[in-house]
Amino acid sequence: MIRLATIGTSTITEKFADAVAQTPGIRIDVVFSRDAARGRAFADRLGIDGVSTDLEALLASGEVDAVYVGSPNGAHAAQAEAAIAAGVHVFLEKPATPTADEFARLVEAAQARGVVVFEGMRNAYDPGMTRLRALLPQVGTVRLVSFGQSQRSARYDLVLAGETPNIFDPALAGGALFDLGVYPLSAAIELFGAPRAVVGATATIATGADGAGAAVLSYDGFVVQIGFSKIGASRRPNEIQGELGTIEIDEITAPRRITLDLFSGVHEEIEIDGPDNNMRFEVARFAQLVRGDDEASADQRRSLEVLRAVEAIRADAEKLRAGSGRAAR
Ligand SMILES: NC(=O)C1=CN([C@@H]2O[C@H](COP(=O)(O)OP(=O)(O)OC[C@H]3O[C@@H](n4cnc5c(N)ncnc54)[C@H](OP(=O)(O)O)[C@@H]3O)[C@@H](O)[C@H]2O)C=CC1
Ligand SMILES: O=C1CO[C@H](CO)[C@@H](O)[C@@H]1O
């Protein structure tokens, strides 16, 4: 049995706990919170006995095998580093860390310590993505792809009122790219591998974080466009255009309706029978890796490539913001 501790007491940790409850061989024993009363109330809600407010002591206690990091993005790296140093496996919420270097260092440390460091990227483990990959050859040579994730956040109202909620705080690696842009980026990299080049631009909001943005990923013979926003909403489906036809996908974080249209006249509508909470697939994968039933290297490579793309977009956005005109290549 894999004994977990959770870090973070927001709704995503509750959703993670629900996924864990549906997965054999793994359970949550301890809830960590920076605040004892908040931790107790959260643990009670989940029916968990253990509560801790001392992460170092918890990691050294030998009471947990693994930790789920559901804190703001900017806190991930230090918490993961502490866990790895204590010989505890790490499940990181997306994005794993703000920079690729930080994640590469965690991977190296985890290898040296004989533990797993893993990023919970929901769409990478969703059955809809598996189905999409299987359909891909039918559209022939891929030429143009358009993936996006735009959901207006209620927390943007706080920004408009002059506040800086965590999710829009640059000091905590907040913003639309880190929060939502990583989903379409990860889907592209999962399906097509690492791009040859990435260019991007973002729209800055009052907190200094990006509220929305776009990127172009260049591959040999085709192009992927990525859109992301937390301050507006999109009605556009995701699309893969090939020389033989087009695939349309309803939702890139959890594909549930995929439409295939070929120039030959084939029209197919595919419904994916997935659960409401698709975190259970990433939890199952993590448990498999912790048990040593498979290697984490491919998962880690994809996470690293996504973070490299994020960095390229951020670098371009910074150059454009600094007024140096056209982003240098
Ligand atoms: N996979 C998915 O679908 C989703 C993933 N996420 C990811 O989950 C993570 C958490 O996001 P979200 O819930 O919006 O974050 P929050 O800002 O709500 O923080 C999450 C928790 O972290 C703790 N926390 C808050 N501020 C800090 C801080 N400055 N330093 C350390 N800990 C802090 C709090 O727990 P306490 O006070 O009890 O210590 C809080 O409950 C992010 O990485 C995000 O990308 C988020 C939503 C959905
Ligand atoms: O990953 C995510 C998915 O959607 C959420 C909004 O509903 C985001 O805030 C979050 O970080």
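Residues numbered from 1 in each chain as written. Chains lettered and ligands numbered in written order. Predicted model: local features only at pLDDT ≥ 70, side-chain atom pairs only at ≥ 80, totals over all residues.

The name recorded for the protein chain in an unreviewed UniProt entry is 1,5-anhydro-D-fructose reductase, from Microbacterium laevaniformans.

So, about the UniProt feature "domain: Gfo/Idh/MocA-like oxidoreductase N-terminal" (unreviewed entry) in the protein chain. This chain's UniProt record puts "domain: Gfo/Idh/MocA-like oxidoreductase N-terminal" (unreviewed entry) on residues 2-120. Spanning residues 2-120, this segment combines 46% helix with 24% strand, and its end C-alpha atoms are found 17 Å apart. (UniProt positions renumbered as here; feature names shortened; annotations may be inferred. Helix = DSSP H or I, 4+ residues; strand = E, 2+ residues; numbered from the N terminus.)

Those residues of helix α6 (residues 127-135) not exposed but buried are G128, M129 and L132. Along α6, the residues classed as buried sweep out an arc of 95° about the axis, all on the same side. Exposed and oriented more than 90 degrees from the buried face of α6 are R133 and A134. Buried residues in α6 make contact with α8 (176-192), β12 (245-249) and β13 (257-262). (Buried ≥ 20, exposed ≤ 12 C-beta atoms within 10 Å, placed from the backbone. Arc of directions from axis to C-beta. Contact = placed C-beta atoms within 7 Å.)

Taking every second residue as pointing to the same face, both faces of strand β6 (residues 117-120) are buried, with V117 and E119 on one and F118 and G120 on the other. Two strands pair when backbone bridges link them, and strand β5 (residues 89-93) and β6 are joined in this way by four bridges, in the parallel orientation. Within β6, the residue paired with F91 across the bridge is F118. Taking the sense of rotation as the criterion, the β-α-β connection linking β5, helix α5 (residues 100-113) and β6 turns out right-handed. (Pairing = 2+ DSSP bridges. Right-handed = clockwise from strand over helix to strand, strands pointing away.)

Relative orientation of the contacting elements α8 and helix α10 (residues 297-321) amounts to 125°, with a least axis distance of 9 Å. If you check the angle between α8 and α10, you find them oblique. Along this stretch, α8 crosses α10, giving a crossing that reads as right-handed. Contacts between α8 and α10 involve L177, F178, V182, L185, S186, I189 and E190 from the first element and R302, E305, V306, A309, V310, I313 and R314 from the second. Its residues assigned to classes, the contact of α8 with α10 comprises nine nonpolar, one polar and four charged. (Axes fitted to C-alpha atoms, helices over the stretch in contact; angles between N-to-C directions. Parallel < 35°, antiparallel > 145°, perpendicular 65-115°, else oblique. Left-handed = near helix turned anticlockwise from the far one by under 90°. Nonpolar A, V, L, I, M, F, W, Y, C, P; charged D, E, K, R; others polar.)

On to the nonpolar core. Across soluble globular proteins, nonpolar side chains show a tendency to be buried alongside one another. If you look at the biggest cluster of nonpolar residues, it comprises 88 residues, and the most contacted ones within it are V67, V90 and V117. Broken down by element, the residue count for this core peaks at ten residues, all from α8. For this core, the two domains that each supply at least three residues are domain 1 (2-120) and domain 2 (124-274 + 308-321). Beyond its immediate stretch of four places on either side in the chain, V90 contacts A66, V67, V69, A80, A83, I84, V117 and F118. Grouped together as the second largest cluster of nonpolar side chains are five residues, Y156, V159, I167 and F168 included. (Core = buried A, V, L, I, M, F, W, Y, C linked by C-beta atoms within 7 Å. Domains from an automatic or database assignment.)

Bringing the domain arrangement of the protein chain into the picture now. When the domains of the protein chain are assigned, the result is domain 1 (2-120) and domain 2 (124-274 + 308-321). Distance from the C-alpha centre of domain 1 to the C-alpha centre of domain 2: 27 Å. Contacts between the two partners involve eight residues from domain 1 and, on the opposite side, ten residues from domain 2. Its residues placed into classes, the side of domain 1 that touches domain 2 shows four nonpolar, three polar and one charged.

So, about the site of ligand 1. As a structural note, the neighbourhood of ligand 1 is formed by 20 residues, with G8, T9, S10, S33 and N166 the closest of them. In terms of residue class, the shell around ligand 1 is made up of five nonpolar, eight polar and seven charged. When residues of the shell around ligand 1 are assigned to domains, at least three fall in each of domain 1 (2-120) and domain 2 (124-274 + 308-321). (Near = placed C-beta within 6 Å.)

With numbering matched to this structure, UniProt assigns "domain: GFO/IDH/MocA-like oxidoreductase" (unreviewed entry) to residues 140-248. Strand forms 40% of residues 140-248 and helix 20%; the C-alpha atoms that close the span are 15 Å apart.

Take the pairing of strand β14 (residues 267-271) next. Counted residue by residue, β14 has zero buried out of five residues, so it is predominantly exposed. Two elements, β13 and β14, share five bridges in a ladder whose sense is antiparallel. For D261, the partnering residue across the bridge sits in β14 and is H267. Here β13 folds back onto β14, and the loop between the two strands holds four residues, one of which, G265, carries a positive phi near 110°.

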